Amino acid sequence: MKFMRYLKIDMQRAFGTWKMGVAGIGVCISLLYNSSGSLNVLQWINNVAGNAILIMAALVFAIYPYAGTFCEDMEYCYDRQMVLRGSAAAYTLSKIIAVFLSAVFVMFSGFLLAVLFLVVRYGLPDAETVQVVMENCESLYFPLLLDRHFILFVFCTDLHLSFLAGILAVLGLMCSLFVKNRMLVYILPVAFLYIEDILVQRMLGWERGSLFSLNCMGITVLGTSLETHTWQLYYFEIFLLLLFLGAVICLRYRRKVA
């Protein structure tokens, strides 16, 4: 019951703020910035991984609404009051869930807004255009295009990026327990994405390292993927990271309030 009360408060704080709308529009604009060469929405999605800088900007916007919640709570000692009414474990678990879901929602809605904008602007792709996209597509979700499940292809690509945003937001939440600067809380997860990618690929080589690179599994595979890259592996890695980050956050916060 204590956990549910915490979660209700955090969900209201995460979703009932103007930051959600601003962040969603920011994600949309960031993703659309490189859409000028795309003639239809499928071509745009096929090329979405080609400009990593703009995707990183979109990820920062997705992290923005609630990843700095620990900074806000500890600044005014609000967290102490909440923990006294329940427990540190329930308090931190509630934060993790709210931060993850808020980032997933922002990225998902921002991506969907971009898709709707392109559909309105260019219309639905015709059969000839679809065939051209299919001939040049190397996305992880290419089999969906082969089966002509176009809406499912859009949905899976959107959800793929959204879960990446979610896990980076939780990483930002963890960073907020070590640094007080909120800008670093938003930037460090994206920096981690690059650094971890470089490290694992230098240690294991490109092909094997790409299986453990969050950047490769989260972004690169939407443009180019190998047979060893699977969506099951990607979501399993997200799940493991969520468990690991959750454990670190709980242990670190307990030490802070002890």
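No experiment lies behind these values; they were computed from the predicted model shown. (Residues numbered from 1 in each chain as written. Predicted model: local features only at pLDDT ≥ 70, side-chain atom pairs only at ≥ 80, totals over all residues. Heavy atoms only, no water.)

### Here's the deal with the side chain of S139
Here is step 1 of the chain: Turning to its location among the elements, S139 is positioned in the loop between helix 8 (127-136) and helix 9 (142-146).
Here is step 2 of the chain: According to the relative accessible area criterion, S139 is buried, its value standing at 5%.
Here is step 3 of the chain: Within the local environment of S139, its side chain forms a polar contact with the backbone nitrogen of Y141, the two atoms lying 3.1 Å apart.
Here is step 4 of the chain: Sequence-distant contacts of S139, that is, excluding residues within four places in its chain, are made with F153, V221, L222, G223 and S225. (Helix = DSSP H or I, 4+ residues; strand = E, 2+ residues; numbered from the N terminus. Buried < 20%, exposed > 50% of the residue type's maximum accessible area, 1.4 Å probe, protein only. Polar contact = N/O pair within 3.5 Å; in protein donor to acceptor, adjacent residues only side chain to side chain. Contact = heavy atoms within 4.5 Å.)

### Describing a nonpolar patch on the surface
Here is step 1 of the chain: Residues I53, Y194, I195, L199, M203, L204 and F212 make up a contiguous nonpolar surface patch of roughly 750 Å² in combined accessible area.
Here is step 2 of the chain: No other element matches the five residues that helix 11 (residues 182-204) contributes to the nonpolar patch.
Here is step 3 of the chain: Under the relative-accessibility criterion, Y194 is labelled partly exposed at 36%. (Patch = residues over 30% accessible without salt bridge, like charges linked within 9 Å, V, L, I, M, F, W, Y side chains within 5 Å. Areas by Shrake-Rupley, 256 points an atom, 1.4 Å probe, with all protein chains shown as cover. Salt bridge = Lys/Arg side-chain N within 4 Å of Asp/Glu carboxyl O.)

### Section: the nonpolar core
Here is step 1 of the chain: Formed by 78 residues in total, the largest nonpolar core has its most connected members in W44, L59, L164, L168 and I219.
Here is step 2 of the chain: Considering every element that reaches this core, the biggest residue donor is helix 7 (residues 88-122), with 15 residues.
Here is step 3 of the chain: Setting aside residues no more than four positions away along its own chain, L168 makes contact with L59, I63, P189, L193 and L214. (Core = buried A, V, L, I, M, F, W, Y, C linked by side-chain atoms within 4.5 Å.)

### Quick notes on the side chain of N215
Here is step 1 of the chain: One can find N215 in helix 13 (residues 214-218).
Here is step 2 of the chain: Setting aside residues up to four positions removed in sequence, N215 forms contacts with M56, L193, E196, D197 and T220.

### A closer look at unusual backbone geometry
Here is step 1 of the chain: The residue R148 is not glycine, and still its phi comes out positive at about 60°.
Here is step 2 of the chain: Topologically, R148 is positioned in the loop between helix 9 and helix 10 (150-175).
Here is step 3 of the chain: Looking at R148, the relative accessible area reads 46%, which means it is partly exposed.

### Here we look at the confidence of the model for the protein
As a note on interpretation, predicted positions should not be read in detail where pLDDT is low.
Here is step 1 of the chain: Mean pLDDT over the protein stands at 88; residues scoring 70 or higher make up 97%.
Here is step 2 of the chain: The weakest mean pLDDT in the protein belongs to helix 6 (residues 78-84) at 77; the strongest belongs to helix 10 at 94. (pLDDT = per-residue confidence, 0-100.)

### Here we look at the packing of helix 4 (residues 52-63) against helix 7
Here is step 1 of the chain: Contact geometry of helix 4 with helix 7 gives a least axis separation of 8 Å together with a crossing angle of 135°. Comparing the axis directions of helix 4 and helix 7 gives the class oblique. The chirality of how helix 4 crosses helix 7 is right-handed. On the side of helix 4, the interface is formed by A58, L59, F61 and A62, while helix 7 contributes A103, V106 and M107. (Axes fitted to C-alpha atoms, helices over the stretch in contact; angles between N-to-C directions. Parallel < 35°, antiparallel > 145°, perpendicular 65-115°, else oblique. Left-handed = near helix turned anticlockwise from the far one by under 90°.)

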